[in-house]
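# Notes for the structure review
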Amino acid sequence: MILVIDTGNTTTVVGIFDGDNLIAHWRLSSILHTADELGINLLNLLATKNIKPSEIKGAAFASVVPSLDFSITEAIKNYFNVVPLQVNAKTNTGMKILVKNPNEVGADRIVNALAGREKYGSPLIVADYGTAITFDVVSLEGDYLGGAIAPGLQSGISALFSKAAKLPQVALSIPENVIGRSTEEAIQSGILFGNAGLTDRIVEMIRANPGLENAKVIATGGHAGLMKKVSKNIDVVDNWLMLEGLKLILSRN
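One structure accompanies this document, and this report is about it. (Residues numbered from 1 in each chain as written. Predicted model: local features only at pLDDT ≥ 70, side-chain atom pairs only at ≥ 80, totals over all residues. Heavy atoms only, no water.)

Moving on to the pairing of strand E9 (residues 216-220). Most of E9 is tucked away: four of the five residues are buried. Both E9 and strand E10 (residues 236-237) contribute to a ladder of two bridges, which runs parallel. Residue pairing across strands places Ile218 opposite Val236, the latter belonging to E10. With helix H6 (residues 224-230) bridging E9 and the parallel E10, this β-α-β connection has right-handed handedness. (Buried < 20%, exposed > 50% of the residue type's maximum accessible area, 1.4 Å probe, protein only. Helix = DSSP H or I, 4+ residues; strand = E, 2+ residues; numbered from the N terminus. Pairing = 2+ DSSP bridges. Right-handed = clockwise from strand over helix to strand, strands pointing away.)

Structure below.
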């Protein structure tokens, strides 16, 4: 079995693979942990599935929170006796990174693009709905071309709440009509339908590039399922794409 961890700014996703099968997964809050706190949390999670630490034979993680990198590495080494692979732009992925400075590309974006290419073919657009919304593009030849980054749905709500004194925090749910009949519905309309419009416009502009006309759109991340309901261009929702990509990269390294 192998352990894979995707650490984002808001959420950390943990997965266990037995061969090619994802047999367990959890979503956790990305709060600052010591190595011991994280190690004990991982042991407790595995215990809920009757998985022993000695059954973990390999591990890989990708992180966009540098302050947690050391804790994750030490936790896996100390509690599972495994040296984890930390995926970054220099990791051997088998994918060409055709951007101006490959070292600037977040590990999560590379992993998503690779996993999407291997699972769905190319050309491809991977839309990841997390703290930020990222659009990552894979060419017809299977190379990583770059993409676009926008604020995430929850980030938009938090910005309104913090900057506009009279606007409340609201739940992310789809209103009945784009014309909100209350302040809550109006915010939900602006955030959800607005980001659907953002998604569809960016996808249309990407597909206007030669060789990308038939690019499939794969959505992943915490709000992917919600966005699939309001966007007209999302083809597939794959919640565990990142975990599958980490497993694939670990097998190549």
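Turning our attention to the sheet that holds E9. Across the sheet, five strands lie side by side as E8-E7-E6-E9-E10; this open sheet has mixed pairing. At either margin of the open sheet sits one strand with a lone partner, and together these are strand E8 (144-151) and E10. When strand E6 (residues 124-129) meets E9, the two strands line up parallel, connected through five bridges. Bridging across to E9, Asp128 finds its partner in Thr220. On top of the sheet, helix H3 (residues 107-120) reaches E6, strand E7 (132-138), E8, E9 and E10; it is set at about 130° to E6, its chief contact. (Contact = heavy atoms within 4.5 Å. Axes fitted to C-alpha atoms, helices over the stretch in contact; angles between N-to-C directions.)

The next thing to look at is the side chain of Asp143. In this structure, Asp143 sits in the loop between E7 and E8. Buried within the structure, Asp143 lacks any salt-bridge partner; its nearest side chain of opposite charge belongs to Lys96, at an N-O separation of 5.1 Å. When sequence neighbours within four positions are dropped, the list of residues in contact with Asp143 reads Lys96, Leu98, Val137 and Val138. (Lys, Arg positive; Asp, Glu negative; His and termini not counted. Salt bridge = Lys/Arg side-chain N within 4 Å of Asp/Glu carboxyl O.)

It is worth spelling out helix H5 (residues 183-207) at this point. With 25 residues, H5 extends 35 Å between its outermost C-alpha atoms, agreeing within 8% with the 36 Å of an ideal straight helix rising 1.5 Å per residue. Listing the buried residues of H5 in full gives Ile187, Gln188, Ser189, Ile191, Leu192, Asn195, Ala196, Thr199, Asp200, Ile202, Val203 and Ile206. (Expected span 1.5 Å × (residues − 1).)

Grouped together as the largest cluster of nonpolar side chains are 30 residues, with contacts concentrated most on Val87 and Met95. Secondary structure elements with two or more residues in this core: strand E1 (2-7), strand E2 (11-18), strand E4 (58-63), H3, E6 and helix H7 (241-252). It is H7 that provides the largest number of residues to this core, a total of seven residues. Leave out the neighbours within four places in its chain, and Met95 touches Ala113, Leu114, Arg117, Val138, Gly142 and Tyr144. Membership of the second largest hydrophobic core comes to 26 residues, among which are Ile157, Ile202, Ile206 and Ala215. (Core = buried A, V, L, I, M, F, W, Y, C linked by side-chain atoms within 4.5 Å.)

Along the chain, the position of Phe135 falls in strand E7. On the accessibility criterion, Phe135 (0% relative accessible area) is buried. Separated by 84 residues in the primary sequence, Phe135 and Ala219 have C-alpha atoms spaced 9.2 Å apart. Discounting chain neighbours no more than four positions away, the residues touching Phe135 are Arg109, Ile125, Val126, Ala127, Tyr129, Gly146, Gly147, Ala148, Leu198, Thr199, Ile202 and Ile206.

Attention now goes to the environment of Glu176. Tracing the chain through its elements places Glu176 in the loop between helix H4 (153-163) and H5. A C-alpha to C-alpha distance of 8.9 Å links Glu176 and Ser189, two positions 13 residues apart in sequence.

Now for the pairing of E4. Buried residues dominate E4, accounting for six of its six residues. With burial as the criterion, each face of E4 is covered, one bearing Gly58, Ala60 and Ala62 and the other bearing Ala59, Phe61 and Ser63. Bridge analysis of E1 against E4 gives six bridges, and the strand direction is parallel. Its bridge partner being in E4, Ile5 is matched across the sheet by Phe61. What joins E4 to strand E5 (residues 85-86) is helix H2 (residues 66-80), and the crossover it makes is right-handed.

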